[in-house]
Amino acid sequence: MKLDNRTSTISEKSYNRDDWQGGYESLSQEYDYWIDDIEGEIPKELEGTLFRNGPGLLDINGQRIHHPFDGDGMISRITFFNGRAHFRNRFVRTDAYVEEQKAGKILYRGVFGTQKAGGWLANIFDFKLKNIANTNVIYWGGKLLALWEAAEPHLLDAQTLETLGKEYFNGVLSEGEAFGAHPRFDASCALDGGAPCMVNFSIKPGLSTTITIFELNLAGEVVRKHAHSVPGFCFIHDFAITPNYCILFQNPVKFNPIPFALGMRAAGECIKFQPSMPTRAIVIPRNPQQKEVQILETQSGFVFHHANAFEQGEEIIIDSICYESLPEVEPESDFRQVDFEALKPGQLWRFSLNLQDKTVRRILIEGRCCEFPSIHPDKEGRQYRYLYMGAAHAETGNAPLQAFVKVDLETGEKQLWSAAPQGFASEPIFVPHLSNSGEDDGWVLALVYDAAHQRSDVVILDARNFNQGPVARLHLKHHIPYGLHGNFTNEVFIK
Ligand code: CO
């Protein structure tokens, strides 16, 4: 009976809601083991570490949090070494995590709707938000950092994943100062004589918004920091770089702080998408000597993530996943009950920003619902050909990510591998082969939640033979709740 039901569901939809919801169960346990249950073979040449971050807890001692973006950050580390793989996960011991675990209840308001018990009286004028360190994890300058865009990073021990404290980059950041969760890595920075550098930004929103740009050298030191004021409230999650510019999209939203201050709504619930307002592309020179910020307007749309950007003559080309509109985070709603079909899918668009005549053209590149773009690390900020993303199984409509798509931007060819009906996708990470003989010579690594077994798989795809399916599927002993972002490093941290 159950089987029949499922089969009939698949014919209309590629997934079953109960299956999808299983990926939003908490994982409270911390593991440390070699992965033995493997289908296929781990390529011997694949050596290094994949770090992932995301909400590990969707409840505090049974008290459900309101939105997964409010979940405590949990780091997963997958080490590839000599044809084998090792798994370890640990929660980031933020002050709030430690306090709440001790108290056994929610003590902090979350940005995306989690409130303390007791209604608005318990939450009124409580601006103490929780730095949950759950959005990204990077390894740079010998430091493993868990990032959350509204406050300072947490420093972790790469060997043990132990939380060592907060990171201020030798006093460059002040206490509680924001540091974005989407740094970009310039493989060859012109301002630093061709040395690699990491570029990041932070946002201080208000009636006008301060955008700060940070650039860090390989030693992890901040070598450039400059701030710019732009008109209006900004909700900006990601940005893109080229050799000369940082590009940020100011999404068309309005923020009404009153319900937040009164404790009736969380900050994220006070942001309203404005379909009649334009999206603004903010172009900031990376060279601190050049202070002129340019703002170009384009059609309304909401962008969380950019794939890449590059300069071409008078233009900056930027590829971004854009939503026609964005629903509000509702105070009474349960994200597990989201009506996928009622929402607009994220789609890949190419924006051409003409800095001479201040015009923006845009064309749709991929209409399939997609998110979490990834490219060859050496192509960051440069003209590139291949792009990898999480995608829906079906070509049209909005649905959970169940597949991965490779897009050839030169020929328009698309290759897809789908884990439907019971597999659910996440951010893919492209890892170049050490021989680096071509832009798609390498592997795509990703976590896939397998609802049939209530566990997650680490999936290894050969980027050149993408639609042939994984060369290896590593079955973990447990699931990992749907995560956000991560990064790969060639270094190995286990003995
Ligand atoms: Co993101």
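Residues numbered from 1 in each chain as written. Predicted model: local features only at pLDDT ≥ 70, side-chain atom pairs only at ≥ 80, totals over all residues. Heavy atoms only, no water.

**Student:** Hey, could you go over the packing of aromatic side chains for me, with residue numbers and the actual values?
**Tutor:** Scanning the model with the defined rule gives 27 aromatic pairs in all. Taken together, a centroid distance of 5.6 Å and an interplanar angle of 40 degrees make the contact between Tyr33 and Phe87 tilted. Note that Tyr33 is positioned in strand S1 (residues 32–34) and Phe87 in strand S7 (residues 84–91), a separation of 54 residues in sequence. In this pair, the class of Tyr33 matches that of Phe87, namely buried. Every member of this aromatic cluster is reached through a ring pair, and the members are Tyr15, Trp20, Tyr24, Phe335, Phe340, Phe424, Tyr449 and Tyr482. Its end group placed over the ring of Tyr386, Lys406 keeps NZ or CZ at 4.6 Å from the ring centre. The cationic tip of Lys477 hangs over the ring face of Tyr33; the distance from NZ or CZ to the ring centre is 4.9 Å. (Phe/Tyr/Trp six-rings, centres within 6.5 Å; stacked < 30°, edge-to-face > 60°. Helix = DSSP H or I, 4+ residues; strand = E, 2+ residues; numbered from the N terminus. Buried < 20%, exposed > 50% of the residue type's maximum accessible area, 1.4 Å probe, protein only. Lys NZ or Arg CZ within 6 Å of the ring centre and 35° of its normal.)

**Student:** Describe the nonpolar core, with residues and values.
**Tutor:** Counting residues in each nonpolar core, the largest one holds 27 residues, and the members touching the most others are Phe80, Leu445, Ile460 and Leu474. Elements supplying a minimum of two residues to this core: strand S6 (73–81), S7, strand S31 (429–432), strand S32 (442–450), strand S33 (455–462) and strand S34 (472–475). Setting aside chain neighbours within four positions, we find Leu474 in contact with Ile35, Asp37, Ile38, Ile42, Phe80, Ala85, Ser456, Asp457, Val458 and Ile460. (Core = buried A, V, L, I, M, F, W, Y, C linked by side-chain atoms within 4.5 Å. Contact = heavy atoms within 4.5 Å.)

**Student:** Account for the confidence of the model for the protein chain, naming residues and giving values.
**Tutor:** On average, residues of the protein chain score 91 in pLDDT, and 92% of them reach the 70 mark or higher. Below pLDDT 50 for its whole length, residues 1–10 participates in 5 contacts with residues either more than four positions away or in separate chains. (pLDDT = per-residue confidence, 0-100.)

**Student:** Pulling in residues and values, what's your account of the sheet that holds strand S9 (residues 143–147)?
**Tutor:** Read from one edge of the open sheet, 4 strands run S8-S9-S10-S11, paired in antiparallel fashion. Edge positions in the sheet fall to strand S8 (136–140) and strand S11 (163–166), since each of these pairs with one other strand and no more. Here the average twist between neighbouring strands, direction ignored, is 30 degrees. The sheet contact formed by S9 and strand S10 (residues 154–156) spans 3 bridges and is antiparallel. Bridging across to S10, Ala146 finds its partner in His154. (Pairing = 2+ DSSP bridges. Axes fitted to C-alpha atoms, helices over the stretch in contact; angles between N-to-C directions.)

**Student:** So, the UniProt feature "binding site: Fe cation" (unreviewed entry) in the protein chain: which residues are in play, and what are the values?
**Tutor:** Here, UniProt's "binding site: Fe cation" (unreviewed entry) annotation points to His182, His237, His305 and His485. These annotated residues cover 304 residues of sequence, and their C-alpha atoms lie no more than 12.3 Å from one another, placing them together at a single site. Those residues in contact with His182 that sit more than four places away from it in its chain are Asn136, Asn200, His237, Asp238, Phe239, His305 and His485. Structurally, His237 is set in the loop between strand S15 (222–231) and strand S16 (240–241). With near-sequence residues (within four places) excluded, His237 lies in contact with Thr135, Glu149, His182, Phe201, Phe304, His305 and His485. (UniProt positions renumbered as here; feature names shortened; annotations may be inferred.)

**Student:** So what's going on with the environment of Pro205? Residues and values would help.
**Tutor:** Structurally, Pro205 is set in the loop between strand S13 (195–204) and strand S14 (208–216). Put simply, Pro205 and His154 are 51 residues apart on the chain and 22 Å apart in space, counted from C-alpha to C-alpha. Not counting the four nearest positions on each side in its chain, Pro205 is found in contact with Phe233 and Cys234.

**Student:** Can you break down the coordination of the cobalt ion residue by residue, with the values?
**Tutor:** Those donors, His182 (NE2), His237 (NE2), His305 (NE2) and His485 (NE2), are the protein atoms that reach the cobalt ion, and they lie 1.9 to 2.1 Å from it. For the cobalt ion, the 4 donor atoms are set out with angles of 91 to 153 degrees between them, so the coordination reads as irregular. Positions of the donor residues of the cobalt ion along the chain correspond to the pattern H-x54-H-x67-H-x179-H. With His182 in the loop between S11 and strand S12 (184–189) and His485 in the loop between S34 and strand S35 (486–489), this pair connects stretches of sequence that are 303 residues apart. Classification of His485 as buried rests on a relative accessible area of 3%. (Donors = N, O, S within 2.8 Å, 3.2 Å for Na, K, Ca; no water. Tetrahedral: all angles 85-135°; square planar, octahedral: opposite > 155°, others 65-115°.)

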